[in-house]
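Architecture at a glance
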Amino acid sequence: MEKLTGKAKKYLRGLAHALSPVVIIGRNGCTEQVISQIDEALTAHELIKIKFIDYIDEKKEIAAKIEEELHCECCGSIGHTFTFFRQNEDPTKRKIEF
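Residues numbered from 1 in each chain as written. Predicted model: local features only at pLDDT ≥ 70, side-chain atom pairs only at ≥ 80, totals over all residues. Heavy atoms only, no water.

Moving on to the pattern of salt bridges. The final tally for this structure, using the stated rule, is 2 salt bridges. Ionic pairing is found between E73 and K9, a salt bridge with its closest N-O pair at 3.5 Å. Within this pair, whereas E73 is found in strand β3 (residues 73-78), its partner K9 is found in helix α1 (residues 6-16), the two being separated by 64 residues in sequence. Notably, a salt bridge pairs R86 with D39, separated by 2.8 Å at the nearest N-O pair. Placement of R86 in the segment after β4 (81-85) and of D39 in helix α2 (residues 32-45) is noted, with a sequence separation of 47 residues between them. For R86, a relative accessible area of 15% puts it in the buried group. (Salt bridge = Lys/Arg side-chain N within 4 Å of Asp/Glu carboxyl O. Helix = DSSP H or I, 4+ residues; strand = E, 2+ residues; numbered from the N terminus. Buried < 20%, exposed > 50% of the residue type's maximum accessible area, 1.4 Å probe, protein only.)

Structure below.
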C-alpha cells in the first residue's frame, strides 16, 4: 500500500468520526492476541479506531509498531484514540474508494 496523502487522511478521518473503537488496549498492552484482533478488524472494516486505556505514555510507539507489523497507516489521533486504515487487497471487497 502506498502512503496516504494529506487529503486522503482528512477524508478517512471524516469517515471515522462516527465510528466507535473496535479494539481497546488495556492493562496487558499490545500482545500478539491484540495484534491479531486488529488485523482481523482491518481486514473486515478497512478503517478502525483503537482506544488506549493503559500505556498512554507509550501510545505513539505502540501505534508505530501496529503500522509496521500490519502494513496499515495511522490516519489521525484524538486524545487516546487512534484511527488506522488498510485497504483490502481484493478490489471487489474494498469498502472505501478514493
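And the narrative resumes.
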